[in-house]
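Structural overview
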Amino acid sequence: MTEKPFQDRLYFQDSHLARFTAQVVECRWDEKRGSYGVVLDRTAFFPEGGGQYADTGMLGGIRVRDVREREGLVVHYLEGPLDPGTRAEGVLDYEQRFSRMQQHSGEHIVSGLVHRHFGYDNVGFHLGQEQVTMDFNGSLTPENLRQIEQEANEAVFRNISIQVTYPDREELAALEYRSKKELEGPVRIVTVPGYDVCACCAPHVERTGEIGLIRLVDAIRYKGGTRVTMACGFRALKDYREKEASVRDISRLLSARPEEVAGAVERLQQEARQWREKLVHMQNAHMEARLAAMGDHVVHEIVFEEELDKHAARRFVDAAMDQCSGLCALFLGNDSDGYQYTIGSRHVDLKELLRDFHRQFPGKGGGKAPMVQGTVRGTRKELEEYLRKIE
């Protein structure tokens, strides 16, 4: 094995320190970031990298906003200065750090299992403040994901020790491991025995039992592969509690047992579709009656409705404009929220009409003779007065 590289001696990737003391080597004002860049002789703060955000916390009693690696050094960006040569206490936001270790270690297990069973690579990883996403370059079915989730949690229950090693060149050349890019110099290998071997710079839990529950929350098709959303540990518990509360609330609203809510919602959807069909039937009957009540010598027929099925509206205008020597216009909505309109005519240049119409009233529309549609803002009185002046 090779010695830990300078970079790894610089920050304690393989420790779970929540507090540490270190000497301030350098402190400079960073104009671009609007903060002080501080370099220490050693640090437990992890700089952003490997798909994971940087640690935050306090250093010398001053808030650490961000941590980045710059030319082999770890730079802490602080809200205030520290004097070079002095010693400072670092305090990590450890609840946040531990959550990220849970997520990242869980990701290794899941990615290793996907690679073993299906040969897919993890080509994109993002460990955000709320969600973890993994992009695999192949399709995964719901059955595949259930299998991976089951085996990943078995790894957690086995409480396996996670190993961190620094193989020399010969050892590395003989080692089969996952890596998203070609690596130069000393390589840090994180191994979950029996599940994954991967080059990784980020902190991890010491044993898989610390990960807690691994939950594959969602999966979608993405760039020809599959994007999987995951939650581990306390995040998985939070996700479970939120969804349980939602199911419990829906259960009460539908007067159904929690395990029966899906069927109850399906029945509610069927009822809603039936009522929708009845409503559309009544609206069609209403508009047919209005059409029948139109006289034989109508110039402009202008109708305002609060709510109406769009297909019923179009059918009405299509039929009514044949009985008008001017135009037929139907407006859906109200003065406060605006209107959707359908205007038809066999005798009026609707293209020319729209140009002037929207100079007078804000909105947009389009179409071709004999019918145009769009949205408009104005009062019922103003719109009707304008259209009745059309010759």
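The paragraphs below set out a description of the structure included in this document. Here the structure is a predicted model, which is why all the values come from computation and not from measurement.

**Quick word on the overall build of the chain**
Each helix and strand counted, the chain has 9 helices and 18 strands in total. Its C-alpha atoms give the chain a radius of gyration of 33 Å, clearly above 21 Å, the size a compact globule of 391 residues would have. Each of the three principal axes of the chain carries a C-alpha extent, and together these read 95 × 55 × 40 Å. The buried share of the chain, taken over its 391 residues, is 44%. For the chain, the proportion of contacts with a sequence separation of at least 24, taken over those separated by at least 6, is 61%. When the accessible surface of the chain is totalled, it reaches about 21,900 Å², and 49% of it is carbon and sulfur. Distance between charge centres in the chain, computed from 53 positive and 62 negative side chains, equals 1 Å.

**With respect to the pairing of strand 7 (residues 122–127)**
Note that strand 7 and strand 8 (residues 132–136) share 5 bridges and pair antiparallel. Looking at the pairing, G124 lines up with D135 of strand 8. Two successive antiparallel strands, strand 7 and strand 8, enclose a turn made up of 4 residues.

**Quick word on the sheet that holds strand 14 (residues 301–305)**
Sheet strands associate in pairs through backbone hydrogen bonding, adopting either a parallel or an antiparallel arrangement. The strand order 14-15-16-18-17 describes an open sheet built from 5 strands, whose pairing is mixed. The outermost strands of the open sheet, each flanked by one partner alone, are strand 14 and strand 17 (363–368). Averaged over all pairs of adjacent strands, the angle between their axes in this sheet comes to 15°, without regard to strand direction. Direction of pairing for strand 15 (residues 328–334) relative to strand 16 (residues 338–344): antiparallel, over a ladder of 7 bridges. For A329, the partnering residue across the bridge sits in strand 16 and is I343. Those strands touched by helix 9 (residues 380–388) are strand 14, strand 15, strand 16 and strand 18 (371–376), and its axis lies near 165° from that of strand 14.

**Regarding the sheet that holds strand 1 (residues 19–30)**
With respect to topology, 6 strands assemble into a closed barrel ordered 1-2-5-4-3-6, the strand pairing being antiparallel. Strand-to-strand, the axes of this sheet are offset by a mean angle of 45°, without reference to chain direction. Both strand 1 and strand 6 (residues 87–92) contribute to a ladder of 5 bridges, which runs antiparallel. Within the sheet, the bridge partner assigned to R19 lies in strand 6 and is V91.

**What about helix 6 (residues 261–293)?**
For helix 6, which comprises 33 residues, the first-to-last C-alpha distance of 48 Å matches the rise-based estimate of 48 Å (1.5 Å per residue) to within 8%. For helix 6, the full list of buried residues reads V261, A264, V280, Q283, N284 and M287. The inward-facing, buried residues of helix 6 abut helix 5 (233–254), strand 14, helix 7 (310–320) and strand 15.

**Some words on the side chain of S105**
Tracing the sequence through the fold places S105 in helix 2 (residues 94–118). Here the side chain of S105 touches M101 through a polar contact of 3.0 Å, landing on its backbone oxygen. In terms of polar contacts, S105 uses its side chain to reach the side chain of H204, at 3.0 Å. The residues touching S105, leaving out its near neighbours within four places in the chain, are I162, H204, V205 and I211.

**Some points on the pattern of salt bridges**
Scanning the model with the defined rule gives 24 salt bridges in all. Between R63 and D93 there is a salt bridge, with its nearest N and O atoms 2.9 Å apart. Taken as a pair, R63 in strand 4 (residues 62–70) and D93 in the loop between strand 6 and helix 2 lie far apart in primary sequence, 30 residues in all. Linking D135 and R227 is a salt bridge whose minimum nitrogen-to-oxygen distance equals 2.7 Å. Placement of D135 in strand 8 and of R227 in strand 13 (residues 225–232) is noted, with a sequence separation of 92 residues between them. Judged by relative accessible area, D135 falls into the buried class, the value being 10%.

**Things to note about the packing of aromatic side chains**
Overall, the coordinates contain 12 aromatic pairs when judged by the stated rule. On the basis of an interplanar angle of 75° and a centroid distance of 5.5 Å, the ring pair of F304 and Y339 is categorised as edge-to-face. Residue F304 is found in strand 14, and its partner Y339 is found in strand 16; the two are separated by 35 residues along the sequence. Just as F304 is buried, Y339 falls in that class too. Seen in terms of ring centroids, F361 and Y386 are 5.7 Å apart; in terms of plane orientation they differ by 85°. Their pairing is edge-to-face. Taken together, the residues span a long stretch of sequence, with F361 in the loop between helix 8 (350–360) and strand 17 and Y386 in helix 9 at a distance of 25 residues. Considered together, F361 and Y386 belong to a single accessibility category, that of buried residues.

**So, the environment of D356**
Examined against the element boundaries, D356 turns out to sit in helix 8. For the pair formed by D356 and L92, sequence separation is 264 residues and the distance between their alpha carbons is 65 Å. Polar contacts involving the side chain of D356 include one to the side chain of Y386, which spans 2.5 Å.

**Side note on the packing of helix 6 against helix 7**
Orientation of helix 6 relative to helix 7, taken along the N-to-C sense of each, is 15°, at an axis distance of 10 Å. Comparing the axis directions of helix 6 and helix 7 gives the class roughly parallel. Crossing angle aside, the handedness with which helix 6 passes helix 7 is right-handed. Counting all contacts with helix 6, which are made through N284, M287, R290 and L291, the residues of helix 7 involved are A312, R315, F316, A319 and A320.

Here is what the cut-offs are and how they apply
Residues numbered from 1 in each chain as written. Predicted model: local features only at pLDDT ≥ 70, side-chain atom pairs only at ≥ 80, totals over all residues. Heavy atoms only, no water. Helix = DSSP H or I, 4+ residues; strand = E, 2+ residues; numbered from the N terminus. Rg over C-alpha atoms; globule rule 2.2 N^0.38 Å. Buried < 20%, exposed > 50% of the residue type's maximum accessible area, 1.4 Å probe, protein only. Contact = heavy atoms within 4.5 Å. Areas by Shrake-Rupley, 256 points an atom, 1.4 Å probe, with all protein chains shown as cover. Lys, Arg positive; Asp, Glu negative; His and termini not counted. Charge placed at Lys NZ, Arg CZ, Asp CG, Glu CD. Pairing = 2+ DSSP bridges. Axes fitted to C-alpha atoms, helices over the stretch in contact; angles between N-to-C directions. Expected span 1.5 Å × (residues − 1). Polar contact = N/O pair within 3.5 Å; in protein donor to acceptor, adjacent residues only side chain to side chain. Salt bridge = Lys/Arg side-chain N within 4 Å of Asp/Glu carboxyl O. Phe/Tyr/Trp six-rings, centres within 6.5 Å; stacked < 30°, edge-to-face > 60°. Parallel < 35°, antiparallel > 145°, perpendicular 65-115°, else oblique. Left-handed = near helix turned anticlockwise from the far one by under 90°.

By themselves, these are just geometric observations and shouldn't be taken as functional.
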